[in-house]
Amino acid sequence: MIKNNDKKRNDLFLGAVLFLAAAVLFLGQHVFREKGAAIQVLVKDEEFGTYPLSEDQEIPIGEGNILAISGGEAFAVCDRIFRGRRPLAEADGYTVHYGTIAEGDRVIDDVLAAVFRAPHSYTGENSVEISCHGSSYIVSEILRLLTAAGGRMAQPGEFTIRAYLAGKLDLSQAEAVADIIASSSRAAHALAANQMRGGYSDALEGLCEKLLELTALLELELDFSEEEVEFADRAQLREARQR
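Just so it is clear, the model here is predicted, and its values are computed rather than measured.

Undergrad: An account of the overall build of the protein chain is needed here, citing residue identities and associated values.
TA: When helices and strands are counted, the protein chain shows eight helices and eight strands. Taking contacts inside the protein chain between residues at least 6 apart in sequence as the whole, the part at least 24 apart equals 55%.

Here it is as structure tokens:
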């Protein structure tokens, strides 16, 4: 009887945790949908690859930069300033389109716009990545036009939060994104990149499976300890516990 009551309490607690987690995910997705299109500047680096620019960093001068726009209004916002053969809203996912960014008759830059349709993007949302020349003035002008067209600058870590809420990243991978941005050496970058690609997640998943197996065997042994039925080899239990 006591065991049944403990099991009911555990089930109720687990149910409450799952309900709260589902509520947080729902509210987070709802909040970001209401905020329309978020903009993030991605910087190309020969050593560390492409990484998001933080608020306290200046836009560097280099070979080129990428402006990522994500959210339900991403295509509409970009089409207000992008001039190509056809609107990006009509383009297929995983396609790249040549065009110009213009303000009226004034051309700001020749760009390439990559289109990603939900859920097949980093954030799991409709997204556009605009590749432009590596001029801080050009990037600033495109940012100004995007915000005037209805977009807004993303909050720190917002794209990663969007990806997590969409199920594109787990917590370990989301943490690794911050480590990649903060990495200052090749070793630190390699470690964070491995974690972001799921290296730690795969190892943790294996450990969780072993723990679940051990828990199941222990519960069977406890429930039927007074009966002459052996569900698990005691040597197997000791070995699993030592691991």
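Undergrad: How would you summarise the pattern of salt bridges if you had to cite specific residues and measurements?
TA: By the definition in use, this model includes seven salt bridges. In this structure, the salt-bridge partner of glutamate 141 is arginine 144, at a minimum N-O distance of 2.9 Å. Of this pair, glutamate 141 and arginine 144 both sit in helix α3 (residues 136–148), three residues apart, roughly one helical turn. The exposure class assigned to arginine 144 is partly exposed, which follows from its relative accessible area of 34%.

Undergrad: How would you sum up the pairing of strand β7 (residues 127–133)? Please name residues and give values.
TA: Where strand β3 (residues 64–71) meets β7, seven bridges bridge the pair, whose relative direction is antiparallel. Across the sheet, leucine 67 pairs through a bridge with isoleucine 130, a residue of β7. For strand β6 (residues 106–116) and β7, the ladder comprises five bridges, and the chain directions are antiparallel. What sits directly across from leucine 112, in β7, is serine 131.

Undergrad: Please give an account of α3 that cites residues and values.
TA: Given a rise of 1.5 Å per residue, 13 residues ought to cover 18 Å, and the 18 Å separating the end C-alpha atoms of α3 matches this to within 8%. All of the buried residues in α3 are Ile138, Val139, Glu141, Ile142, Leu143, Leu145 and Leu146. The N-capping residue of α3, defined by a side-chain oxygen 3.2 Å from the backbone nitrogen of tyrosine 137, is serine 135. Looking one or two residues past α3, glycine 150 carries a phi angle of roughly 120 degrees, positive in sign.

Undergrad: Just give me the short version of the confidence of the model for the protein chain, but keep the residues and values in it.
TA: Averaged over the protein chain, the pLDDT score is 77; the fraction of residues at 70 or greater is 61%. Note that pLDDT drops below 50 for residues 16–24; the model gives that stretch zero contacts with residues more than four away or on any other chain.

Undergrad: How would you sum up the environment of glutamate 103? Please name residues and give values.
TA: Structurally, the position occupied by glutamate 103 is in strand β5 (residues 95–103). For glutamate 103, a relative accessible area of 33% gives the class partly exposed. Between the C-alpha atoms of glutamate 103 and arginine 80, which are 23 residues apart in sequence, the distance is 9.2 Å. In this view, glutamate 103 contacts Arg144 and Leu145; residues no more than four positions away in its chain are not counted.

Undergrad: Lay out the side chain of glutamate 125 in plain terms, naming residues and giving numbers.
TA: Relative to the assigned elements, glutamate 125 resides in the loop between β6 and β7. Setting aside its immediate chain neighbours within four residues, glutamate 125 contacts Ser70, Gly71, Phe116, Arg117, Ala118 and Arg162.

Undergrad: Could you give an account of a nonpolar patch on the surface, with specific residues and numbers?
TA: A surface patch of nonpolar side chains, about 320 Å² in accessible area, is lined by Val96, Tyr98 and Leu112. As for its position among the elements, valine 96 is in strand β5.

Undergrad: Go over the side chain of glutamate 158 with me, naming the residues and quoting the values.
TA: Inspection of the secondary structure puts glutamate 158 in helix α4 (residues 158–165). Note on glutamate 158: relative accessible area 1%, which makes it buried. A polar atom in the side chain of glutamate 158 sits 2.6 Å from the side chain of arginine 152.

Undergrad: Provide a residue-level description of α4, including the pertinent values.
TA: In an α-helix, one turn spans 3.6 residues, which is why side chains three or four residues apart end up on the same side. For α4, a buried count of six out of eight residues is recorded, marking the element as mostly surrounded by other parts of the structure. All of the buried residues in α4 are Glu158, Phe159, Thr160, Arg162, Ala163 and Leu165. Positive phi appears at glycine 167, one or two residues downstream of α4, with a value of about 80 degrees.

Undergrad: Could you give me a rundown of unusual backbone geometry, with the residues and numbers involved?
TA: Note the cis peptide between alanine 118 and proline 119, where omega equals 0 degrees. Position of proline 119 relative to the elements: it lies in the loop between β6 and β7. A positive phi is found at tyrosine 94, a non-glycine position, where the angle reads about 60 degrees. You can see tyrosine 94 is positioned in the loop between β4 (82–84) and β5.

Cut-off values and rules
Residues numbered from 1 in each chain as written. Predicted model: local features only at pLDDT ≥ 70, side-chain atom pairs only at ≥ 80, totals over all residues. Heavy atoms only, no water. Helix = DSSP H or I, 4+ residues; strand = E, 2+ residues; numbered from the N terminus. Contact = heavy atoms within 4.5 Å. Salt bridge = Lys/Arg side-chain N within 4 Å of Asp/Glu carboxyl O. Buried < 20%, exposed > 50% of the residue type's maximum accessible area, 1.4 Å probe, protein only. Pairing = 2+ DSSP bridges. Expected span 1.5 Å × (residues − 1). Polar contact = N/O pair within 3.5 Å; in protein donor to acceptor, adjacent residues only side chain to side chain. pLDDT = per-residue confidence, 0-100. Patch = residues over 30% accessible without salt bridge, like charges linked within 9 Å, V, L, I, M, F, W, Y side chains within 5 Å. Areas by Shrake-Rupley, 256 points an atom, 1.4 Å probe, with all protein chains shown as cover.

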